[in-house]
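Coordinate inspection notes
Read off the chains here:
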Amino acid sequence: MNKALIIVLQAIEGLSPSSASGNFGDTTKALCPIMPDTENKLTAQQEADAIDLLKYALCCNGYSINLSNSIWDTLLVDTIKTFQSDMLLPVTGDADLNTWMALLLSKGNPDRSSTACDTRFEMTTDRLLQLKNNGYQIVGRYLTGTDFKVLRATEPQRILNNGIHFFPIFQESGTDITYFTKERGEADAKKAVRAARNFNIPEGTVIFFATDLDPQNTEISAYILPYFKSLYENMDTAYLVGVYGTRNVCTKVNDAGYAVTSFVSDMSTGYSGNMGFKMPENWTYDQFSEIPMSPDWAIDKDAYSGKFPPVTALNIDIYQKPIKPTTIGKETIVSLLEKIRDLELLYEAYYDMIQEASGGFIPIDAVTAALGITNFLRSEKYGGTQWAITTLRPINNLFIQYVKDNNLDLYNYFLPYINSNSNDLSDGLDGLLDFAHLAATTEGYISTPLVPDFWTGWGADLATAMAAATTAQTDNPNESIQDIADSLIGDENSPFNYSDICSDADAIKIASLVRSPNVTTHSFSNALETYYISHVQDRYLHLVKDIDTAENLTALKKDIYRRMTSVLERDPFVGLLHLKGGDPSGEVIRACCNSFAQYIYSELD
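The structure reproduced in this document is the subject of the present report. (Residues numbered from 1 in each chain as written. Predicted model: local features only at pLDDT ≥ 70, side-chain atom pairs only at ≥ 80, totals over all residues. Heavy atoms only, no water.)

With respect to the overall build of the protein chain
Counting secondary structure elements, the protein chain contains 25 helices and ten strands. Rg of the C-alpha trace for the protein chain: 34 Å, well past the compact-globule value of 25 Å for 605 residues, more than 25% over. With the C-alpha coordinates of the protein chain rotated into their principal frame, the extents come out at 115 × 55 × 45 Å. Going through the 605 residues of the protein chain one by one, you find that 52% of them count as buried. Across the protein chain, every contact between residues at least 6 apart in sequence was considered, and the portion connecting residues at least 24 apart equals 65%. Summing over all exposed atoms, the protein chain offers an accessible surface of approximately 25,800 Å²; the carbon and sulfur share of this is 51%. Charge-centre separation for the protein chain: the mean point of 46 positive side chains lies 3 Å from the mean point of 77 negative side chains. (Helix = DSSP H or I, 4+ residues; strand = E, 2+ residues; numbered from the N terminus. Rg over C-alpha atoms; globule rule 2.2 N^0.38 Å. Buried < 20%, exposed > 50% of the residue type's maximum accessible area, 1.4 Å probe, protein only. Contact = heavy atoms within 4.5 Å. Areas by Shrake-Rupley, 256 points an atom, 1.4 Å probe, with all protein chains shown as cover. Lys, Arg positive; Asp, Glu negative; His and termini not counted. Charge placed at Lys NZ, Arg CZ, Asp CG, Glu CD.)

Here it is in structure tokens:
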């Protein structure tokens, strides 16, 4: 269509049929009829034909205009002004060269000036100086990709230090339409935001997700829209979704509500999605020309509408994660499995003895067998009144004595792993486990009839950290409460240390494995073996599921806070924040919830 309209323009200009190629070259530019024809360069017929062509071109670009006459009137001038405004051209109402080219080519006049650009090249200091000297104020750069294309670690700050702003682009797709699936949208949403956070790009920034191809309407419906719907639904709400693509793609994605703005690939004049489609109303960047830069790099020129701002400063509130303690020299929990199975056999014998003494016999089930073992393992550290009330299971001292009487060596074997000075165990990867803590929390998740499960795990530990943060704030009044909370949660000397976090997370899944079909006697050891062979790598996903949240930082912060501040948790007499947190202030609660969210998010990578 564009080529046909250009041929009509060339005919109006007086070019011969053999010269009218449909290419908007130098001759076509030089002879372009400027309207209105105040210098009387056109014949009456040329003027009428030019007006008709203007009107048809406006229609083809999505603008409503009266085609019944060939008159230069106020309605035509107003429509041209609207088009010029939409395309970020000087709003004159005249059909000048830039207006003609913008009407007949999606890229418009490639020689027009612009203040924005994008590039696959690293922004070195010398290149930034070139941009600045050529009038560029904004550059688009890639969040992920090959080592050649992606932002370097120090590049964002270098760009800003040199007086240039930037906008982030996410592109891992090629020209294969099948890339764009619901599953890929979910993965890309997480990957893009994580990259943005790693570069300290502030919340509120638009990330432009690229569709660098020319899909037809059926393909947009089948692939592009489901992909962007998934992006939108899985995106951390602290960041905004933008779409890069043809006019057709951008319009459809935005009209569906899956993006807030567009980066239009108008430079691709041969794409059908740029032919006969109006510029998206909410465009922020319009890519229209690739130009070489000295000595060996290049940029794409982008018009900038100002609808959404680029990045002008980086986030300065950077989370400092506590250093993880080492697992070197630690026994692995899997190495204890044989002894745990010996303990389970003892518990089964003890259970049968109690049943026989009571005059009846109820076969032991998987949950009862597991609870017998967790009760024993938590007895030294987690045997107080609160635990007895919470689980409705006081410590079974009869079974403990039974173990001592029948296998004292086994009792002594476990003691170093479950007493108040217990040795942490390794999970076989980089995690540490407090075995008594793991047992207590697992028991809580198997059976806590009086309070929510998480009170026996991460909730109680987080509340305890709030109490510690309150004390630290009193002792260090000039230190930020957020910094205090960040330094506490996950620190090896904290009441909510690294092994506590690992144990709390693992217990969630281990408890569910205990409830699954199992060999009754060895339900606990089987669950441990299954977990630490097949599930431990997803530790933090179990926490995410238990919190009932999404895998992004904004959702984690919101939902951890929600869980910790519900009515029961805030109860002034029996609430978690009172019993374990010492009635912390609102700012302490918020800071500790944020820190826990940051810790989990950092481990989801």
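Observations concerning the packing of aromatic side chains
By the definition in use, this model includes 31 aromatic pairs. Geometrically, the ring pair formed by Tyr-285 and Tyr-304 is stacked, given 5.2 Å between the ring centres and 25° between the ring planes. A residue pair is termed long-range when its members are at least 10 positions apart, and Tyr-285 in strand β7 (residues 283–293) and Tyr-304 in strand β8 (residues 297–304) qualify at 19 residues. Put simply, the rings of Tyr-347, Tyr-350, Phe-376, Phe-399, Tyr-402, Tyr-411, Tyr-413, Phe-414 and Tyr-417 pair up and form one aromatic cluster. The residue whose ring lies beneath Lys-149 is Tyr-142, and the NZ or CZ to ring-centre distance is 4.3 Å. Here Lys-339 stacks its cationic end above the ring of Tyr-413, 5.4 Å away from the centre of that ring. (Phe/Tyr/Trp six-rings, centres within 6.5 Å; stacked < 30°, edge-to-face > 60°. Lys NZ or Arg CZ within 6 Å of the ring centre and 35° of its normal.)

Some details on the packing of helix α17 (residues 458–475) against helix α18 (residues 481–488)
Between α17 and α18, whose axes approach to 10 Å, the crossing angle comes to 130°. Classified by the angle their axes make, α17 and α18 are oblique. The two elements α17 and α18 meet at a crossing, and its hand is right-handed. Contact residues: α17 offers Ala-465, Ala-468, Ala-469, Ala-472 and Gln-473, while α18 offers Ile-481, Ile-484 and Leu-488. Tallied by class, residues from the contact of α17 with α18 come to seven nonpolar, one polar and no charged. (Axes fitted to C-alpha atoms, helices over the stretch in contact; angles between N-to-C directions. Parallel < 35°, antiparallel > 145°, perpendicular 65-115°, else oblique. Left-handed = near helix turned anticlockwise from the far one by under 90°. Nonpolar A, V, L, I, M, F, W, Y, C, P; charged D, E, K, R; others polar.)

Structural notes on the side chain of Ser-265
Turning to its location among the elements, Ser-265 is positioned in the loop between β6 (261–264) and β7. Taking the relative accessible area as the measure of exposure, Ser-265 reaches 2% and is therefore buried. If we skip the residues at most four places from it in the chain, Ser-265 touches Tyr-244, Gly-245, Thr-246, Asn-274 and Gln-287.

Points about the nonpolar core
Counting 174 residues, the largest nonpolar core has Phe-435, Trp-458, Leu-462, Ile-560 and Met-564 as the members making the most contacts within it. Sequence-distant contacts of Leu-462, that is, excluding residues within four places in its chain, are made with Ile-489, Phe-496, Ile-560, Met-564, Cys-592, Cys-593 and Phe-596. Phe-167, Phe-208, Ala-210 and Phe-263 belong to the second largest nonpolar core, which has twelve residues in total. (Core = buried A, V, L, I, M, F, W, Y, C linked by side-chain atoms within 4.5 Å.)

Considering the sheet that holds strand β4 (residues 206–210)
Neighbouring strands of a sheet are bound in pairs by backbone hydrogen bonds; such pairs are parallel or else antiparallel. Read around the closed barrel, the eight strands follow the order β1-β2-β3-β4-β5-β6-β7-β8; overall the barrel is mixed. Going across the sheet, the axis of each strand differs from the next one's by a mean of 30°, ignoring polarity. Of the strand pairs in this sheet, strand β3 (residues 165–170) and β4 are connected by two bridges, and their pairing is parallel. Within β4, the residue paired with Ile-169 across the bridge is Phe-208. (Pairing = 2+ DSSP bridges.)

Digging into unusual backbone geometry
With an omega of 5°, the peptide bond between Met-35 and Pro-36 qualifies as cis. Along the polypeptide, Pro-36 turns up in the loop between α2 (26–31) and α3 (44–60). Between Ser-294 and Pro-295 the backbone carries a cis peptide bond, its omega angle lying at -5°. Mapped onto the secondary structure, Pro-295 falls in the loop between β7 and β8. Of note in this structure, Asn-40 is not a glycine but carries a positive phi near 55°. For Asn-40, the position within the fold is in the loop between α2 and α3.

With respect to helix α4 (residues 74–86)
An ideal rise of 1.5 Å per residue puts 18 Å on 13 residues; α4 measures up with 18 Å between its terminal C-alpha atoms. Those residues of α4 that sit buried are Leu-76, Val-77, Thr-79, Ile-80, Phe-83 and Gln-84. On an axial view of α4, the arc spanned by its buried residues comes to 165°, and they lie on one face. As for α4, its buried residues are in contact with α3 and α5 (97–104). (Expected span 1.5 Å × (residues − 1). Arc of directions from axis to C-beta.)

As for the environment of Leu-343
For Leu-343, the position within the fold is in helix α11 (residues 337–357). Considering only alpha carbons, one finds Leu-343 and Tyr-227, 116 residues apart in sequence, at a separation of 52 Å. In this structure Leu-343 touches Ile-373, Phe-376, Leu-377, Phe-399, Val-403, Leu-410 and Phe-414, once residues within four positions along its chain are discounted.

Here's the deal with the pattern of salt bridges
Summed over all chains, the structure comprises 26 salt bridges. The partner of Asp-427 in a salt bridge is Arg-539, with the nearest N and O atoms 2.8 Å apart. On the criterion of sequence distance, the pair formed by Asp-427 in the loop between β9 (425–426) and β10 (432–433) and Arg-539 in helix α21 (residues 539–547) is long-range, its members being 112 residues apart. Residue classification places Asp-427 among the buried residues on the basis of a relative accessible area of 4%. Across the salt bridge formed by Lys-558 and Asp-559, the nearest N and O atoms sit 3.1 Å from each other. (Salt bridge = Lys/Arg side-chain N within 4 Å of Asp/Glu carboxyl O.)

A word on the pairing of β7
With respect to burial, β7 is a largely interior element, eight of its eleven residues being buried. Two elements, β6 and β7, share three bridges in a ladder whose sense is parallel. Its bridge partner lying in β7, Val-264 is registered against Asp-286. The pairing of β7 with β8 spans eight bridges and is classified as antiparallel.

Considerations on the pairing of β3
In terms of burial, β3 is a largely internal element, five of the six residues being buried. Across five bridges, the pairing between strand β2 (residues 138–142) and β3 is parallel. Bridge pairing in β3 places Arg-141 opposite Pro-168. Between β2 and its parallel partner β3, the chain crosses via helix α7 (residues 155–161), and the hand of that crossover is right-handed. For the crossover that starts at β3, traverses helix α8 (residues 182–198) and ends in the parallel β4, the hand is right-handed. (Right-handed = clockwise from strand over helix to strand, strands pointing away.)

Some thoughts on α3
An α-helical turn contains 3.6 residues, so any two residues separated by three or four positions project in the same direction. Between its first and last C-alpha atoms α3 spans 24 Å; for 17 residues at 1.5 Å apiece the expected length is 24 Å, and the two agree. Among all positions in α3, only Ala-48, Ala-50, Ile-51, Leu-53, Leu-54, Lys-55, Ala-57 and Leu-58 are buried. Along its buried surface, α3 packs onto α1 (2–13), α4 and α5. Following α3 by one or two positions, Gly-62 adopts a phi angle in the positive range, close to 95°.

Treat this as a map of the structure, not an account of what it does.
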